Amino acid sequence: MKILALDLGKFNSVCCLYDSNTRNTKFLTTPTKREQLQSIFENEGKLTELVVMESCGPSGWINDLAVSLGLSTLVCSTNEEAWRWANVKRKTDKDDALNPSV
């Protein structure tokens, strides 16, 4: 399965393109703006089966944008146990985007 996972930020977001068959990843950093995310959804999203993002302030309009472009989405609550980082020694935006618990 090919997944486009987003770690959303107020100003910038990290996109992780992940292929579960090959375990290959590709990361993109983009401003959290409609035009930039729409471009990523149009170019990279057509190659993915699912767009995954955390539930936060901008996730509403970003989810709506992805759905309007015909993409399947999953918005995750980061308050769930699978998202806890209590035992992780390193935490970065790339780590968040690649979180294997999704």
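A few points on the structure. (Residues numbered from 1 in each chain as written. Predicted model: local features only at pLDDT ≥ 70, side-chain atom pairs only at ≥ 80, totals over all residues. Heavy atoms only, no water.)

Here's the deal with the overall build of the chain
Each helix and strand counted, the chain has three helices and five strands in total. Counting helices and strands in the order they occur from the N terminus, the chain gives β-β-β-α-β-α-β-α. The proportion of buried residues among the 102 residues of the chain is 38%. Long-range pairs, those at least 24 residues apart, make up 43% of the contacts in the chain between residues at least 6 apart in sequence. Entry remark: accessible area of the chain is about 6,300 Å², with carbon and sulfur atoms responsible for 48%. (Helix = DSSP H or I, 4+ residues; strand = E, 2+ residues; numbered from the N terminus. Buried < 20%, exposed > 50% of the residue type's maximum accessible area, 1.4 Å probe, protein only. Contact = heavy atoms within 4.5 Å. Areas by Shrake-Rupley, 256 points an atom, 1.4 Å probe, with all protein chains shown as cover.)

Remarks on the pattern of salt bridges
If you walk through the whole model with that rule in mind, you get one salt bridge. The partner of E44 in a salt bridge is K26, with the nearest N and O atoms 3.3 Å apart. You can see E44 sitting in the loop between helix 1 (34–43) and strand 4 (50–54) and its partner K26 sitting in strand 3 (residues 24–31), a full 18 residues away along the chain. When its relative accessible area of 17% is taken as the criterion, E44 is described as buried. Judged by relative accessible area, which is 41%, K26 ranks as partly exposed. (Salt bridge = Lys/Arg side-chain N within 4 Å of Asp/Glu carboxyl O.)

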